[in-house]
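# Working through the structure, step by step
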Amino acid sequence: MTNQSQPVSWWQRTNFVDRLYFAWFGGLGLVILLLHHRIPAWPSFLAVHAVCLLVIAALVAGAPRSRIWHFLHHWYPLLIFIVCFEEVARLSFLFVDSWQDQYLLDLEARFFAAPPTVWLGQFATPWLTEVLEIGYFSYFLLLIMVGGVLYHRGDMPAFRRTMSTSVVSYMLCYLVFLTFPTEGPAHTLRHLHTVPLEGGPFHFLVNLIQKHGGVHGNAFPSSHVAAAVVALIYAWRYAPRLGMALTPLVVLLCIGAVYDRYHYVSDIAGGIVIALLAEAIVAWLVRRPRWARLVQS
C-alpha cells in the first residue's frame, strides 16, 4: 500500500499572523459585547470584526488555489492594520474616562525645560519642515520596501518573520492605546504652538493624509515609529545595503514626528521599545519548532 499524505485542513493553513488577527478580533469583540454600554454604536464594531474575519478566512482558503489570493494572503496585513488603528481610536475611552497625556507631560517636564514640540518650533523653516516630512512620509513605504525585497527574493521565512513582527508591534501598540489613551501634543499643547509649519510637496502630502486618515488619539506609543523600527531591524538583518539607505529616513521620521507636533518624545521612545519587544517575542517563538513553522511559513 502506498502512503497517502493527510489532507491539510483550513486551520492548518493559517499562519501566525492569521491566528493573531483571529484572536484580536475575537477577543476585542468579546470585550465590546461585555462593555457595550460604553459604546453607543457597538453593533457596527462587531459588524466590522465579522467582515475582517470573513476576509481573512477567505484569503486562507483561497491561497492554495490562486496566485492572486496567495499574494493577497501574504500582504493583507498592510491594509487591515488601518482598520484596527481607526477602530482603536474610536474606542479610546473603552476602559478609562479621560486622556492620560498629563502623565507624559509631567515626565517630560523633568527632562526638558520646554516641551520639545515647542522648542523645535524656533528652528522651523520650510526647508527643514520638508526634509523632516520626507522622513515622516517614508513610514508609509518602509515595510513595503523591506517586505518587497524579501518577497522578490523568494525568502519567505524572512518575509513572514518581518510581517509577523510588524503585526505583533501594532497589536502591542493597540493594547496601550486602549488602556492608556493619549491625544498628543497637537491637542494638549496647541496653545503653545505659535510658530506655523510651512513646507513643500511632502508637507502637503503628510497633511493630506493626516486630514483624511489621521485619528484623534493613538499617540503613545508611536505605532509609526514602532513599525518603522521593525522594518529597519529586518532590513539590516536580511538586506544590509537597504538598511543603510533606510536608516536616515527612520531617524528623520523620529525627529519629524515630534517636530510636526504629532508626538511627544515619550511616544518615540515608546515606539522603539515596542519594536524591540515585538522582535524579542518573535525571536523567542522561532526558537520553538511548532511556533517557528507558524511564524515563518
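Look a little higher up for the structure.
A brief look at the structure comes next. (Residues numbered from 1 in each chain as written. Predicted model: local features only at pLDDT ≥ 70, side-chain atom pairs only at ≥ 80, totals over all residues. Heavy atoms only, no water.)

Helices and strands together make up the secondary structure of the protein chain, namely 14 helices and zero strands. Starting at the N terminus, the α and β elements of the protein chain follow one another as α-α-α-α-α-α-α-α-α-α-α-α-α-α. A compact globule built from 297 residues would reach a C-alpha radius of gyration of about 19 Å, and the protein chain, at 20 Å, matches this within 12%. Judged by the C-alpha coordinates and their principal axes, the protein chain covers about 80 × 50 × 35 Å. Here the protein chain holds 297 residues, and 48% of them are scored as buried. Across the protein chain, the fraction of contacts at a sequence separation of at least 24, relative to all contacts at a separation of at least 6, is 84%. Per element, the accessible surface of the protein chain, about 14,900 Å² overall, is 70% carbon and sulfur. Here the protein chain contributes 19 positively and 15 negatively charged side chains, and the mean placements of these two sets differ by 16 Å. (Helix = DSSP H or I, 4+ residues; strand = E, 2+ residues; numbered from the N terminus. Rg over C-alpha atoms; globule rule 2.2 N^0.38 Å. Buried < 20%, exposed > 50% of the residue type's maximum accessible area, 1.4 Å probe, protein only. Contact = heavy atoms within 4.5 Å. Areas by Shrake-Rupley, 256 points an atom, 1.4 Å probe, with all protein chains shown as cover. Lys, Arg positive; Asp, Glu negative; His and termini not counted. Charge placed at Lys NZ, Arg CZ, Asp CG, Glu CD.)

Attention now moves to the nonpolar core. Counting 79 residues, the largest nonpolar core has Y21, W24, F25, I56, L91, V146 and Y174 as the members making the most contacts within it. Examining the composition of this core, we find that 12 residues originate from one element, helix α8 (residues 156-179), more than from any other. Once residues within four sequence positions are removed from consideration, V146 is found in contact with T162, A231, Y234, A235, L242 and L246. (Core = buried A, V, L, I, M, F, W, Y, C linked by side-chain atoms within 4.5 Å.)

Our next topic: the pattern of salt bridges. Under the counting rule described, the total for this entry stands at four salt bridges. Taking the shortest distance from any N to any O, the salt bridge between R90 and E86 comes out at 3.0 Å. Taken together, the positions of R90 and E86, both in helix α4 (residues 77-90) and four residues apart, correspond to about one turn of that helix. (Salt bridge = Lys/Arg side-chain N within 4 Å of Asp/Glu carboxyl O.)

As a further point, take the side chain of T14. Tracing the backbone shows T14 in the segment before α1 (16-34). Exposure remark for T14: the relative accessible area of 1% places this residue in the buried category. A distance of 2.5 Å separates a polar atom in the side chain of T14 from the backbone oxygen of W11. One polar contact links T14 to R19, side chain to side chain, over a distance of 2.8 Å. (Polar contact = N/O pair within 3.5 Å; in protein donor to acceptor, adjacent residues only side chain to side chain.)

On to helix α12 (residues 240-259). Note on helix geometry: an α-helix contains 3.6 residues per turn, so any two residues three or four positions apart are oriented the same way. Here α12 contains 20 residues, and its C-alpha end-to-end distance of 29 Å stays within 8% of the 28 Å for a straight helix at 1.5 Å per residue. Turning to α12, its buried residues number three or more, namely L242, G243, L246, V250, L253, C254, G256, A257, V258 and Y259. Close packing links the buried residues of α12 with α6 (116-120), α7 (126-153), α11 (223-238) and α13 (265-286). Looking one or two residues past α12, R261 carries a phi angle of roughly 75°, positive in sign. (Expected span 1.5 Å × (residues − 1).)

Here α11 crosses α12 at 160°, and the two axes come no closer than 7 Å. In terms of orientation, α11 lies roughly antiparallel with respect to α12. When the axes of α11 and α12 are compared, the crossing they make is left-handed. Across the interface between the two elements, H224, V225, A228, V229, L232, A235, W236 and Y238 from α11 touch P240, L242, G243, M244, L246, T247, V250, L253 and C254 from α12. A per-class count over the contact of α11 with α12 returns 14 nonpolar, three polar and no charged. (Axes fitted to C-alpha atoms, helices over the stretch in contact; angles between N-to-C directions. Parallel < 35°, antiparallel > 145°, perpendicular 65-115°, else oblique. Left-handed = near helix turned anticlockwise from the far one by under 90°. Nonpolar A, V, L, I, M, F, W, Y, C, P; charged D, E, K, R; others polar.)

Below, the discussion takes up unusual backbone geometry. With an omega of -10°, the peptide bond between F220 and P221 qualifies as cis. Structurally, P221 is set in the loop between α10 (201-213) and α11. For N218, which is not a glycine, the phi torsion comes out positive at approximately 55°. The phi dihedral of R261 is positive, around 75°, even though this residue is not glycine. When you line up the elements, R261 lands in the loop between α12 and α13. Taking the relative accessible area as the measure of exposure, R261 reaches 10% and is therefore buried.

This brings us to the packing of aromatic side chains. Summed over all chains, the structure comprises 25 aromatic pairs. Aromatic side chains F16 and W291 sit 6.1 Å apart centroid to centroid with 85° between the ring planes, which places their arrangement in the edge-to-face category. With F16 in helix α1 and W291 in helix α14 (residues 289-296), this pair connects stretches of sequence that are 275 residues apart. Exposure remark for F16: the relative accessible area of 8% places this residue in the buried category. By relative accessible area, W291 is classed as partly exposed at 32%. A network of ring pairs unites the aromatic residues W24, F81, F85, Y170, Y174 and F177 as a single cluster. (Phe/Tyr/Trp six-rings, centres within 6.5 Å; stacked < 30°, edge-to-face > 60°.)

From the geometry alone we can't say anything about function, so treat these as descriptive.
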